[in-house]
Amino acid sequence: MRASQKDFENAMNQVKLLKKDPGNEVKLKLYSLYKQATEGPCNMPKPGVFDLINKAKWDAWNALGSLPKETARQNYVDLVSSLSSSLESSSQVEPGTDRKSTGYETLMVTSEDGITKIMLNRPTKKNALNVEMYHEIMHALKAASKDDSAITVLTGNGDYYSSGNDLTNFTDIPPGGVEEKAKNGAILLREFVGCFIDFPKPLIAVVNGPAVGISVTLLGLFDAVYASDRATFHTPFSHLGQSPEGCSSYTFPKIMSPAKATEMLVFGKKLTAGEACAQGLVTEVFPDSTFQKEVWTRLKAFAKLPPNAMRISKEIIRNREKEKLHAVNAEECSVLQGRWLSDECMNAVVNFLSRKSKL
Ligand SMILES: CCCCC/C=C/CC(=O)SCCNC(=O)CCNC(=O)[C@H](O)C(C)(C)COP(=O)(O)OP(=O)(O)OC[C@H]1O[C@@H](n2cnc3c(N)ncnc32)[C@H](O)[C@@H]1OP(=O)(O)O
């Protein structure tokens, strides 16, 4: 899975051969990953507000924060690979290889060495989950459940794993008003979390950086969680006037004790990776400098195990909880639907969007 310098150079050449323009957003991603991979974190002075093009480039590069050079190189290679498949004719995919990518807008999805990797890919927004991303993740999980990979991995592109629900999701109010918005949100959330509850293969989170909100709560539904020591785990629901989702009101007290779960889910205590590991939410923590190398070596070994045996073992570990989890999910979504209409929640969203507050 690690991209060599040679892979990186090949990818740079491939970019020049793309027949279709991949669009400005993708070009900015390519630029930022290239700069990060070759020069490291952005330490150039920020261009002036009227220098629009250079400012956009600077923003994209700067958003990668302290992402290690090797990870940027890998992400660049993955992005080019996904572009080559989605923008060129499908005949260019060699028959017989098991690598594939799809034209997702908010994800990079690849399948190789028995592993389907779903990478959240909005690094300039800290991988916040917008409505499109919720739908694309569901689509990618459904596809992964049927493909020939043995295990599935969720990870993030850039310096964050995910900053959770995209708070601008609250701004696009339909003709039916905020009530309709809240109702639609609850339906979408229930279906989304349901896909994680029902996912049949080993599902592993590779938590490459800080995780917030729903990206944390869902971890209780994963089969293993590997984290960089740069990762943090934060569920500030009360601060946002909201309440727990992702089945965390049930999984967290079981995983870490009711009192520890209360500290996180009610009081919004942010855990370090080490603390999350000590409390059982994270399986193992790795130093950031060797994180990708160590984790992918391990995952490749797991993916060589007999897939049917792994699937059946997961089923027997998880199945007796499924009905309960679906019931919890339904209840959490219904409570949250009410919370989204509360002044507490609306004020928190307005404060974030008007730049008055940050976590
Ligand atoms: C269907 C609906 C289901 C709903 C399910 C409910 C889930 C609950 C949750 O997930 S609650 C968690 C919600 N998340 C947050 O409250 C995080 C908000 N973000 C922040 O506080 C900060 O951005 C940060 C601490 C994550 C990172 O701070 P930093 O200073 O490092 O970076 P910036 O703030 O400059 O962020 C870079 C750009 O990314 C945008 N952004 C980051 N997070 C979100 C987000 N969650 N929603 C929308 N946008 C986000 C930020 O606005 C910057 O954009 P800009 O460059 O255009 O200004």
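Everything numeric in this text was worked out from a predicted model, so none of it was measured. (Residues numbered from 1 in each chain as written. Predicted model: local features only at pLDDT ≥ 70, side-chain atom pairs only at ≥ 80, totals over all residues. Heavy atoms only, no water.)

Draft legend 1. Structural context of the pairing of strand S3 (residues 115-120). Most of S3 sits out of view: six of its six residues are buried. Across the two faces of S3 the burial is the same, with Ile-115, Lys-117 and Met-119 and Thr-116, Ile-118 and Leu-120 all buried. Examined bridge by bridge, strand S2 (residues 107-112) and S3 share six bridges and lie antiparallel to one another. Paired with Val-109 across the two strands is Ile-118, which belongs to S3. Taking the residues that link successive antiparallel strands as the turn, the S2-S3 hairpin has two residues, and the phi of Asp-113 there is positive, at about 55 degrees. The parallel pair S3 and strand S4 (residues 151-156) is bridged by helix H5 (residues 131-146), and the resulting crossover is right-handed. (Buried < 20%, exposed > 50% of the residue type's maximum accessible area, 1.4 Å probe, protein only. Helix = DSSP H or I, 4+ residues; strand = E, 2+ residues; numbered from the N terminus. Pairing = 2+ DSSP bridges. Right-handed = clockwise from strand over helix to strand, strands pointing away.)

Draft legend 2. Structural view of the sheet that holds strand S8 (residues 232-234). An order of S6-S8-S9 is seen for the three strands of this open sheet, with the pairing classed as mixed. Each end of this open sheet is capped by a strand with a single partner; those strands are strand S6 (211-212) and strand S9 (271-272). Relative to S8, S6 runs parallel, the two sharing two bridges. Counted as the bridge partner of Ala-211 is Phe-233 from S8.

Draft legend 3. The packing of helix H8 (residues 248-256) against helix H9 (residues 258-265), seen in detail. Running from amino to carboxyl end, H8 crosses H9 at an angle of 130 degrees, the nearest separation of the two axes being 7 Å. Here H8 lies oblique to H9, going by the angle between them. Two packed elements cross with a definite hand, and for H8 against H9 that hand is right-handed. Two secondary-structure elements touch here, H8 through Ser-248, Ser-249, Phe-252, Pro-253 and Met-256 and H9 through Pro-258, Lys-260, Ala-261, Met-264 and Leu-265. Here the contact of H8 with H9 is composed, by residue class, of seven nonpolar, two polar and one charged. (Axes fitted to C-alpha atoms, helices over the stretch in contact; angles between N-to-C directions. Parallel < 35°, antiparallel > 145°, perpendicular 65-115°, else oblique. Left-handed = near helix turned anticlockwise from the far one by under 90°. Contact = heavy atoms within 4.5 Å. Nonpolar A, V, L, I, M, F, W, Y, C, P; charged D, E, K, R; others polar.)

Draft legend 4. Molecular detail of the domain arrangement of the protein chain. Considered domain by domain, the protein chain is made up of domain 1 (5-86) and domain 2 (107-357). Once you take the C-alpha centre of each, domain 1 and domain 2 turn out to be 26 Å apart. Facing the 16 residues of domain 1 at the interface are 14 residues of domain 2. Counting the surface lost from both domain 1 and domain 2, the interface buries some 1,100 Å², and carbon and sulfur atoms represent 56% of this. Considering only the side of domain 1, the residues that lose the most area to domain 2 are Lys-29, Ala-63 and Asp-78, jointly responsible for 34% of the buried surface there. Taken together, domain 1 and domain 2 are joined by one salt bridge. Residues Asp-78 and Lys-117 are paired through a salt bridge, measuring 2.7 Å at the closest nitrogen-oxygen approach. On inspection of domain 1 and its partner domain 2, the count reaches three residue pairs in polar contact (both at pLDDT 80 or more). (Domains from an automatic or database assignment. Buried area = accessible area lost by both parts, 1.4 Å probe. Salt bridge = Lys/Arg side-chain N within 4 Å of Asp/Glu carboxyl O. Polar contact = N/O pair within 3.5 Å; in protein donor to acceptor, adjacent residues only side chain to side chain.)

Draft legend 5. Representation of the site of the ligand. Among the 26 residues in the neighbourhood of the ligand, the closest are listed as Lys-125, Asn-165, Leu-167, Arg-355 and Lys-358. For the ligand, an oxygen atom lies 3.4 Å from a polar atom in the backbone of Thr-124. In this structure, an oxygen atom belonging to the ligand sits 2.4 Å away from a side-chain N or O atom of Lys-125. When isolated, the ligand has an accessible area of 1,100 Å², and the protein chains bury 80% of it. (Near = heavy atom within 4 Å. Areas by Shrake-Rupley, 256 points an atom, 1.4 Å probe, with all protein chains shown as cover.)

Draft legend 6. Highlighting the pattern of salt bridges. By the definition in use, this model includes 15 salt bridges. Between Asp-159 and Lys-126 there is a salt bridge, with the nearest N and O atoms lying 3.3 Å from each other. Of the two residues, Asp-159 is situated in the loop between S4 and helix H6 (177-198) and Lys-126 in the loop between S3 and H5; the sequence distance between them amounts to 33 residues. You can call Asp-159 buried: its relative accessible area is 10%. Residues Arg-339 and Glu-344 are paired through a salt bridge, measuring 2.8 Å at the closest nitrogen-oxygen approach. Judged by relative accessible area, Arg-339 falls into the partly exposed class, the value being 25%.

Draft legend 7. Examining the environment of Ala-37 more closely. Mapped onto the elements of the fold, Ala-37 is located in helix H2 (residues 24-39). Apart from the residues within four sequence positions on either side, Ala-37 is in contact with Phe-8, Lys-69, Ala-72 and Arg-73.

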